[in-house]
Amino acid sequence: MATYKEIDTLEQWNELLNASKQQPVVIFKHSTTCPVSANALSEFDQYLEAHPDDTTTYALVKVIESRPVSNQIAEDTGVKHESPQIILLRDGQKYWTASHWSITVEHMRAVMQ
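The rules we used
- Residues numbered from 1 in each chain as written.
- Predicted model: local features only at pLDDT ≥ 70, side-chain atom pairs only at ≥ 80, totals over all residues.
- Heavy atoms only, no water.
- Buried < 20%, exposed > 50% of the residue type's maximum accessible area, 1.4 Å probe, protein only.
- Helix = DSSP H or I, 4+ residues; strand = E, 2+ residues; numbered from the N terminus.
- Pairing = 2+ DSSP bridges.
- Arc of directions from axis to C-beta.
- Contact = heavy atoms within 4.5 Å.
- Salt bridge = Lys/Arg side-chain N within 4 Å of Asp/Glu carboxyl O.
- Axes fitted to C-alpha atoms, helices over the stretch in contact; angles between N-to-C directions.
- Expected span 1.5 Å × (residues − 1).
- Lys, Arg positive; Asp, Glu negative; His and termini not counted.
- Polar contact = N/O pair within 3.5 Å; in protein donor to acceptor, adjacent residues only side chain to side chain.

### Here's the deal with the pairing of strand 4 (residues 85–90)
With five of six residues buried, strand 4 lies mostly within the body of the structure. Relative to strand 4, strand 2 (residues 25–30) is paired through five bridges, and the arrangement is antiparallel. Bridge pairing links Val25 to Leu89 in strand 4. In this structure, strand 4 lies alongside strand 5 (residues 93–99), joined through six bridges in antiparallel fashion. The partner of Gln85 across the bridge, within strand 5, is Ser99. The antiparallel pairing of strand 4 with strand 5 creates a hairpin that spans two residues between the two strands, and Asp91 there sits at a positive phi of about 55°.

### Quick notes on helix 4 (residues 105–112)
Every buried residue of helix 4 is listed here: Val105, Met108 and Met112. End-on view of helix 4: buried residues confined to an arc of 65°, all on one side of the axis. In this structure, the buried side of helix 4 is in contact with strand 2, helix 2 (35–50), strand 4 and strand 5.

### Details of the pattern of salt bridges
Applying the stated criterion across every chain, the model contains one salt bridge. Across the salt bridge formed by Glu6 and Lys62, the nearest N and O atoms sit 3.6 Å from each other. One end of the pair, Glu6, is in strand 1 (residues 4–6); the other, Lys62, is in strand 3 (residues 57–62), with 56 residues separating them in the sequence.

### Observations regarding the sheet that holds strand 1
Taking strand neighbours across the sheet as the criterion, the five strands line up as 1-3-2-4-5 in an open arrangement whose pairing is mixed. A single partner strand is all that each edge strand has here, and the edge strands are strand 1 and strand 5. Each adjacent strand pair in this sheet contributes to an overall mean axis angle of 20°, direction not counted. This element, helix 4, spans strand 2, strand 4 and strand 5 of the sheet and lies at about 165° to strand 5.

### Concerning helix 2
Compared with the 22 Å implied by 1.5 Å per residue over 16 residues, the 23 Å span of helix 2 between its first and last C-alpha is a close match. Buried residues of helix 2: Val36, Ser37, Ala40, Leu41, Glu43, Phe44, Tyr47 and Leu48, and no others. Along helix 2, the residues classed as buried sweep out an arc of 160° about the axis, all on the same side. The exposed set on the far side of helix 2, more than 90 degrees from its buried face, consists of Pro35 and Glu49. Residues of helix 2 that are buried in the fold lie against strand 1, strand 2, strand 3, strand 4 and helix 4.

### A word on the side chain of Lys29
Note that Lys29 resides in strand 2. Despite its burial, Lys29 remains without a salt bridge, the nearest opposite charge being carried by Glu82 at 9.3 Å. A distance of 3.1 Å separates a polar atom in the side chain of Lys29 from a polar atom in the side chain of His81. For Lys29, the contacting residues outside a window of four places in its chain are Ser37, Val61, Val63, Ser70, Ile73, Ala74, His81, Glu82, Ser83, Pro84, Gln85 and Ile87.

As structure tokens, this is what we get:
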């Protein structure tokens, strides 16, 4: 199973953004108080379990607890903040994004494989 790392500092975000120039990076923006976000996180976990990919880095940002990081991601990628939200970065730029009920195993598989 592929796993994700929680990031909560701007330094960690900058490292991931730079890493995306070498390999795909997936950021999952999660609200710990939202049931829709809990459902999307479950879909994300199911995707990671069913489709392990050692060539992609996966990260989770808790948007309430790490607001500065979440805001910087929105600014750097040009993707308006929503949560839950998933952003796939390639070559240092947003390649794909989805939010809310669009975050499903099937949707992730169609785009990320």
